[in-house]
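Chain by chain, the residues:
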Protein chains: 2
Amino acid sequence: MMAQQFETIALIGIGLIGSSIARDILDRQLAGTIVVSTRSEATLKRAGELGLGHRYTLSAAEAVKDADLVIVSVPVGASGAVAAEIAAHLKPGAIVTDVGSTKGSVIAQMAPHLPDSVHFVPGHPIAGTEHSGPDAGFAGLFRGRWCILTPPPGTDEEAVARLRLFWEALGSMVDEMDPEHHDMVLAIVSHLPHIIAYNIVGTADDLATVTESEVIKYSASGFRDFTRLAASDPTMWRDVCLHNKDAILEMLARFSEDLASLQRAIRWGDGDKLFDLFTRTRAIRRSIIQAGQDTAMPDFGRHAMDQK
Amino acid sequence: MMAQQFETIALIGIGLIGSSIARDILDRQLAGTIVVSTRSEATLKRAGELGLGHRYTLSAAEAVKDADLVIVSVPVGASGAVAAEIAAHLKPGAIVTDVGSTKGSVIAQMAPHLPDSVHFVPGHPIAGTEHSGPDAGFAGLFRGRWCILTPPPGTDEEAVARLRLFWEALGSMVDEMDPEHHDMVLAIVSHLPHIIAYNIVGTADDLATVTESEVIKYSASGFRDFTRLAASDPTMWRDVCLHNKDAILEMLARFSEDLASLQRAIRWGDGDKLFDLFTRTRAIRRSIIQAGQDTAMPDFGRHAMDQK
C-alpha cells in the first residue's frame, strides 16, 4: 500500500490503458475516489462489472467536476472533443493529462480549450499490448516502462512533479521532453514498426501464389512476430497515422531509402554489405535486454511458456 | 522412449538446429549412434562437453561413412562444399537431408555431387530462435512446428516416408512441396520479415535526431519486437539473401508497392483506408493462434514471464 496521492481521479476512457491505470490506482490506493467515464454504454457497464472505479458516468463533463487529476485515455483523434466537453467543468487547480501516442497534435487539440485555472501536463506511458478494451488491462502494465511527459513551457512545476510521482507509483520511470522531439522519437520506435507490421501482414494476405493457410502454418519462421503489432487497435492506429503525419512520413522515407539500398545489395549479391548490417543490428537487441526493456529468453520466452 | 529409427545418424553442423536435433534424437533414442561433425574445433569441443553425440570428428567425410541418415545443418551457402566432401564416402542406401531455409539453391548445390546410391531428400524444419550455436539448441524445438520436405521427382518413396517418420518423432507435422514453391512461401513468411526487421533496426541505428539510448529506452512501444529477428545469425541470413534472391526480390517489390500506397494514405489523410487495412490484419493473427503457431497471451506472454 502507498499513500493516497489524489482525492479524486477521473478516468476519461477505460480501454487497455485507462483500465490498467484504474487497477494500479486501486491496488496502490493512490486515490480516494475513481470516477470512470466513457462514451460507450457497453464499455461503461463492463467497467462497472470489473469494479474499476467508484463512480461511473457517460458524461465526461460530469466525471471531471470534483477531480484533482483527470487522465484522458482515448484515441488521439478524440482528444479535442474531450477537452471541449470537460473544459467548463474542470475544478480549479486540477491536473489534466493524457496518455496519447502523439503529443504535438494532442496539445494542439486540447490546449486551446483548457482554462488557465488548470494544469495541463500531456503524457505518454510507453507500454501496452496488442489487445484493447477494459478487459485487456492489468495491474503492473507500466512497471519498469518509461513514461514521457511533455509539459508546455511555463507549466506549474509542482503539477509536473505530482504527475511524475503518480507514474512512479505505478512503477514507471519518467522522462520529460518537448512534444516535437517526442513525436520524432515515437515515430521511429513505435509508429514505423506498427505501420511496417500492418503493411507486411497486408502484403502476405494479398498474395495469390502463396495461400493464407501456408502463411499461417509456417508463420513461426518469422512472420508471426509481425502479426502481434498488426493486431493492435485499428482506431488507435488510424488516429496515430493521421496525427503524427510529418514525423511518420520522414521515418518512412528513411526506411524506404535504406530498404532500397538493402534490396540493391541482395540483387547484386553484395554479401559483405549484408553481413555487416546483420551483425550491427544484433548489438541493439543486447542493449535493449540489458536495459530491462525486453526478456532475454529466446523467442520472447514462447518455448518456456509452451513447456509449462 | 520411442523405437530406434536409424542405426547411425551423422549430423553435419551442430548449431541451433543441429544441436536441437541431437538432443531430440538422444531423448527419444531414435538412433544407436550419433556422429557429430563441424568445421570448427571450438564448436566440436563444445558439442562434446554438451554430450550431443557418441562420436565427434572435424571431417564430414569421416562422419558419414557408416551413417544411415545424414543431416546437413549448415548455412545454405556451405551446402555445396559439404556435398562435395561427403559424396564419395556415403554409405549406399543412406538418406541425405538438410535443414536449409532455401531449397532450390541447396538442391542445385548438392544434387550434382551426390551418388545415385543414396536418397537425397531436402528438408526444412520451420522452427528456430534468434540464438545460434550448440548451446542455443534445446529438445522440443520442433514440437508442433511444420517441416517441409522437397524431394525431387522420382525420389524413393520409402526414403521420404522414413524421413517423414523421423520428423514426426520430433513432434513435427510434415508437408511436401516442390522447391520453387517452398522458396516463394518462405520468402514471404520468413525471409521478408527478417530483411524488414534488419532494415528497420538499421534505420533506427542511423538516426541523428533520435539517440540510440532513446531507441532502447522506449523500445517497448513496438520496436523491440523487430530486434529479436534482427539478432539472428548474420552468416545464415546473408546466405539466405544470396540464395533465394529471385523470390525475395519479388516479395520486396510487392511489399514496397504496398508501403507506397499506405504512405500515400497517410500523406492524404485517408483514414478509412488505414482503418480497413488495420482491421483486416487482425484476422490473420487470430488464425495463427488458432492454428497453434503462436501464443494467445498478450505481448507474447512477456508480462506473464515478468511476473514469475
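Residues numbered from 1 in each chain as written. Chains lettered and ligands numbered in written order. Predicted model: local features only at pLDDT ≥ 70, side-chain atom pairs only at ≥ 80, totals over all residues. Heavy atoms only, no water.

1. Here we look at the packing of aromatic side chains
We count it as follows: What counts as a ring pair is set by centres within 6.5 Å for rings of Phe, Tyr and Trp (its six-membered ring), and what kind of pair is set by the plane angle: stacked under 30 degrees, edge-to-face over 60, tilted for all other angles. Secondary structure follows DSSP: runs of H or I at least 4 residues long count as helices, runs of E at least 2 residues long count as strands, and numbering of each begins at the N terminus.
For the structure shown, the criterion picks out 13 aromatic pairs over all chains. Geometrically, the ring pair formed by A:Tyr218 and B:Trp146 is edge-to-face, given 6.3 Å between the ring centres and 90° between the ring planes. Here A:Tyr218, found in the loop between helix H8 (212–217) and helix H9 (223–229), pairs with B:Trp146, found in strand E8 (residues 146–149), and the two come from separate chains. Ring centres of B:Phe142 and B:Trp167 lie 5.2 Å apart, and the angle between their planes is 80°; on these two criteria the pair is classed as edge-to-face.

2. Describing the interface of chain B and chain A
The extent of an interface is frequently quoted as the accessible surface area lost upon association of the parts. Counted only if it meets this: Every residue pair with non-hydrogen atoms within 4.5 Å of one another is taken to be in contact. Two parts placed together each lose some accessible area under a 1.4 Å probe, and adding up what both lose gives the buried area. Basic side-chain nitrogens of Lys or Arg form a salt bridge, by our definition, when they fall within 4 Å of a carboxyl oxygen of Asp or Glu. Pairs of N or O atoms are called polar contacts if they sit within 3.5 Å, as long as, within protein, a hydrogen donor faces a hydrogen acceptor (for residues adjacent in sequence, only side-chain-to-side-chain pairs). Each residue gets one of three labels, nonpolar for Ala, Val, Leu, Ile, Met, Phe, Trp, Tyr, Cys and Pro, charged for Asp, Glu, Lys and Arg, and polar for the others, Gly among them.
Each partner contributes residues to the interface: chain B has 113 residues there, and chain A has 112 residues. Carbon and sulfur atoms supply 66% of the area that chain B and chain A bury against each other, a total of about 10,700 Å² over both sides. At the surface where chain B touches chain A, the tally comes to twelve salt bridges. Among the salt bridges present, the one from B:Asp299 reaches A:Arg228, with a minimum N-O distance of 3.2 Å. At the boundary of chain B with chain A, the tally comes to 44 residue pairs in polar contact (both at pLDDT 80 or more). Listed by contribution, the elements that provide at least two residues to the side of chain B that touches chain A are E8, helix H7 (179–206), helix H8 (212–217), helix H9 (223–229), helix H10 (234–243), helix H11 (245–267), helix H12 (271–290) and helix H13 (302–306) of chain B. For the side of chain B that touches chain A, the leading source of residues is H7(B), giving 22 residues. Its residues assigned to classes, the side of chain B that touches chain A shows 57 nonpolar, 29 polar and 27 charged.

3. As for the domain arrangement of chain A
Residue and element names in this part refer to chain A. Keep this limit in mind: An automatic or database domain assignment is the source of the domain bounds shown.
In terms of domains, chain A is made up of domain 1 (4–176) and domain 2 (179–292). In this structure, domain 1 and domain 2 have C-alpha centres spaced 30 Å apart. Listed by partner, the interface residues are 19 residues for domain 1 and 16 residues for domain 2. Carbon and sulfur atoms supply 63% of the area that domain 1 and domain 2 bury against each other, a total of about 1,300 Å² over both sides. Inspection of the domain 1/domain 2 interface yields one salt bridge. With a closest N to O distance of 2.9 Å, Glu 130 and Arg 228 form a salt bridge. Between the two partners, domain 1 and domain 2, sit eight residue pairs in polar contact (both at pLDDT 80 or more). It is helix H5 (residues 104–110) that contributes the most residues to the side of domain 1 that touches domain 2, four residues altogether. Residues belonging to the side of domain 1 that touches domain 2 are distributed by class as follows: six nonpolar, ten polar and three charged.

4. What about the UniProt feature "domain: Prephenate/arogenate dehydrogenase" (unreviewed entry) in chain A?
Where we set the bar: UniProt positions are given in the numbering used here, feature names are shortened, and annotations may be inferred rather than shown by experiment.
Feature annotation in UniProt places "domain: Prephenate/arogenate dehydrogenase" (unreviewed entry) on residues 7–296 of chain A, given in this structure's numbering. Its end C-alpha atoms 40 Å apart, residues 7–296 of chain A is made of 51% helix and 13% strand.

5. A look at the relation of the copies chain B and chain A
Spelled out, the test is: The superposition of copies rests on a least-squares fit of C-alpha positions from residues with pLDDT of 70 or more in both.
Overlaying chain B with chain A gives an RMSD of 0.0 Å, the required rotation being 180° about an axis along which the chain moves by 0.0 Å. Classification of the inter-copy transformation places it as that of a two-fold axis.

6. A word on the sheet that holds strand E6 (residues 119–120) of chain B
Strand pairing in a sheet is mediated by backbone hydrogen bonds. Such pairs are either parallel or antiparallel. Residues and elements named next belong to chain B. Spelled out, the test is: Two strands qualify as a pair provided DSSP detects at least 2 bridges between them. Only C-alpha atoms enter the line fits that serve as axes; for helices the fit covers just the stretch in contact. Angles between N-to-C directions range over 0 to 180 degrees.
Spatially, E3-E2-E1-E4-E5-E6 is the arrangement adopted by the six strands of the open sheet, whose pairing is parallel. What marks the edges here is a single partner per strand, and that holds for strand E3 (55–57) and E6. By the bridge criterion, six bridges tie strand E1 (residues 6–12) to strand E2 (residues 31–37) in an arrangement that is parallel. The partner of Ala 10 across the bridge, within E2, is Val 35. The strands touched by helix H1 (residues 16–28) within the sheet are E1, E2 and strand E4 (69–72), with E1 carrying the most contacts at an inclination of about 160°. Contacting E2 and E3, helix H2 (residues 41–49) runs over the sheet at an angle of about 170° to E3.

7. Overview of H10(B)
Cut-off, in case you're wondering: A simple rule labels every residue: compare its accessible area, found with a 1.4 Å probe on the protein chains alone, to the largest value its type can have, and call it buried under 20%, exposed over 50%, or partly exposed in between.
All buried positions along H10(B) are accounted for by B:Pro234, B:Trp237, B:Asp239, B:Val240 and B:Cys241. The secondary structure elements touched by the buried residues of H10(B) are helix H11 (245–267) and helix H12 (271–290) of chain A together with H7 and H11 of chain B.

8. Focus: the environment of B:Gly140
Assignment of secondary structure puts B:Gly140 in the loop between strand E7 (123–125) and E8. Considering only alpha carbons, one finds B:Gly140 and B:Asp27, 113 residues apart in sequence, at a separation of 9.7 Å.

9. Considering the pairing of strand E8 (residues 146–149) of chain A
Here is the key point about a regular strand: its side chains alternate between the two faces of the sheet. Residue and element names in this part refer to chain A. Selection criterion: Here the term right-handed applies to a crossover when the path leading from its first strand over the helix to its second strand runs clockwise, the strands being oriented away from the viewer.
Burial of the side chains of E8 extends over both faces: Trp 146 and Ile 148 are buried on one face and Cys 147 and Leu 149 on the other. In terms of strand pairing, strand E7 (residues 123–125) meets E8 through three bridges, oriented antiparallel. Counterpart to Gly 123 in the pairing with E8 is Leu 149. The sheet contact formed by E8 and strand E9 (residues 173–176) spans four bridges and is parallel. From the neighbouring strand, Leu 149 faces E9, where its bridge partner is Glu 176. You can see the chain leave E8, run along helix H6 (residues 157–169) and come back into E9, and the turn it takes is right-handed.

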